[in-house]
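So you can see what is in the structure, the chains are spelled out below.
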Amino acid sequence: MLFSQFLSTHKLLKTIPFILEGSSLNEAETHFFRAEKFVDDIISLKELGPEKLIQKVRFWKKVKERIEVAQKPVNEDVPSIQTSPAEFSKRVFDIVVSSTLMIALSPIFLLVMLAIKLESKGPIFYISKRAGRGYNIFNFYKFRTMVAEANEKITDFSHLNLYNPLKQNGPVFIKIDNDPRITRIGAFLRKCSLDELPQLWNVFRGDMSLVGNRPLPLYEAATLTTDEWAKRFMAPAGMTGLWQMKKNKNKMTAEERISLDINYADNSNFLFDLWIMANTPSAVIQRTNA
C-alpha cells in the first residue's frame with residue numbers, strides 16, 4: 001500500500017509504466033498483482049520478446065501521459081480549454097439517440113439475452129478493455145457470440161487471420177473469417193450486427209460515440225503508438241465509421257484500415273457523421289462471421 005502511494009504521488013515515477021514480469025507467478029499471485037493499481041500490466045518475457053515489450057512500454061507511456069494531463073490542475077491564469085460547439089452537439093446527439101434506441105430496442109435486448117443464455121454456458125455480455133480517444137481505456141460491451149474463454153484459444157487459429165503478418169514494428173490486427181469459436185446464435189447476431197447493440201450503453205456513458213474509429217483491444221492499440229499511427233486516436237471511438245461502411249473491409253490491409261481512421265480524425269464533423277450513418281445500413285448484413 002505504501003509503495004503504491006509512493007508511486008502514485010511521485011512527480012516523475014507516476015508517469016513511468018510499471019510492468020511486472022510474471023512468468024513465474026501462479027494464478028492467485030497474478031490475480032493479486034492485477035488488482036494492485038500501480039501494476040499497469042503483467043507480461044512473460046519468454047512469450048513476449050523484446051520488440052513486443054517495447055511496444056507495450058510505449059503504449060502504457062502514452063496512457064499514463066494522458067492520465068497525467070487529464071488530472072493536472074488548471075492554472076487560474078491560463079484559460080481552460082472549452083468543449084467546442086461541434087463537440088457539444090455531437091455529445092448531445094449521442095445521448096439522445098443512444099437512450100432512445102436502448103428504450104425502443106429493449107424487447108430485442110431481452111430476446112437476445114435469453115437466446116445466449118439457453119444456448120451455451122458463460123456470461124451474456126462480452127466485456128473487454130479497449131483503447132479509445134486519447135488512448136482512454138474503458139470497458140467495451142458486446143453480446144457474447146463465442147464459446148466461453150474464446151480469447152485463450154486465439155493462438156490456435158492465428159493462421160486464419162485475415163490480416164497478413166506485417167513488419168515486426170508495424171500495426172497488428174486480428175480478424176478471423178468464419179471463426180470456429182463462434183456459436184450458432186453468435187453467428188446470427190454477427191450476421192445482423194445485433195451483437196453490437198450493447199455498445200449503445202458505451203455511447204450513452206461517453207466512452208464512445210455513434211460515429212468514430214473503432215476502439216481497439218489493448219494488444220492492437222499497443223502496436224499503434226508511433227507518431228505515424230497514433231493520430232487515429234485523436235478521433236472518438238465509435239460504433240460505426242469509415243471502415244465499417246466499406247463493403248470490402250475484410251480484404252483491406254492494416255495500413256489501409258488505419259489510413260481510413262486517420263482520414264476520419266482529420267475530417268470529422270457532424271455532416272460527415274450523418275453521411276457515414278446513412279451509408280452504414282448497407283454494410284450491416286455481413287457476408288462473413290469475421
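What counts and what doesn't
Residues numbered from 1 in each chain as written. Predicted model: local features only at pLDDT ≥ 70, side-chain atom pairs only at ≥ 80, totals over all residues. Heavy atoms only, no water. 1 Å grid on protein atoms, 1.4 Å probe; cavity = no way out; pocket = protein on both sides within 12 Å on 5 of 7 lines; lining within 4 Å. Points joined across faces, edges and corners; volume = space filled by probe spheres on them. Helix = DSSP H or I, 4+ residues; strand = E, 2+ residues; numbered from the N terminus. Nonpolar A, V, L, I, M, F, W, Y, C, P; charged D, E, K, R; others polar. Buried < 20%, exposed > 50% of the residue type's maximum accessible area, 1.4 Å probe, protein only. Arc of directions from axis to C-beta. Contact = heavy atoms within 4.5 Å. Polar contact = N/O pair within 3.5 Å; in protein donor to acceptor, adjacent residues only side chain to side chain.

*Asks:* Whenever I open this one, empty space enclosed by the protein confuses me. Can you help?
*Replies:* The gaps of empty space that remain are located by a probe, the size of a water molecule, rolled over the atoms. Summed over all chains, the structure comprises one cavity of 30 Å³ or more. Of the volumes computed, that of the largest cavity is approximately 40 Å³. Lining of the largest cavity is provided by K90, F93, D94, S209, L210, V211, F270, D273 and M277. Sorting the residues of the lining of the largest cavity by element identifies helix 4 (85-104), strand 5 (209-211) and helix 11 (270-279) as the ones contributing at least two each. Looking at the lining of the largest cavity residue by residue, the classes come out as five nonpolar, one polar and three charged.

*Asks:* Explain helix 6 (residues 184-191) to me, please; I cannot follow it from the model alone.
*Replies:* Residues spaced three or four apart along an α-helix face the same direction, because each turn holds 3.6 residues. Here helix 6 has its buried residues at G186, A187, L189 and R190. An end-on view of helix 6 places all buried positions within 165 degrees of arc, on one side of the element. Every exposed residue of helix 6 that faces more than 90 degrees away from the buried side is listed here: R184 and F188. Here the buried face of helix 6 lies against helix 5 (106-119) and strand 4 (137-143). Capping of helix 6 at its N-terminal end is provided by T183; its side-chain oxygen lies 2.9 Å from the backbone amide nitrogen of G186. Taken from the residues just after helix 6, S193 is the one with a positive phi, measuring 60 degrees.

*Asks:* So what exactly am I meant to see when it comes to the environment of Y135 here?
*Replies:* Within the fold, Y135 resides in the loop between strand 3 (125-131) and strand 4. Put simply, Y135 and L216 are 81 residues apart on the chain and 9.4 Å apart in space, counted from C-alpha to C-alpha.

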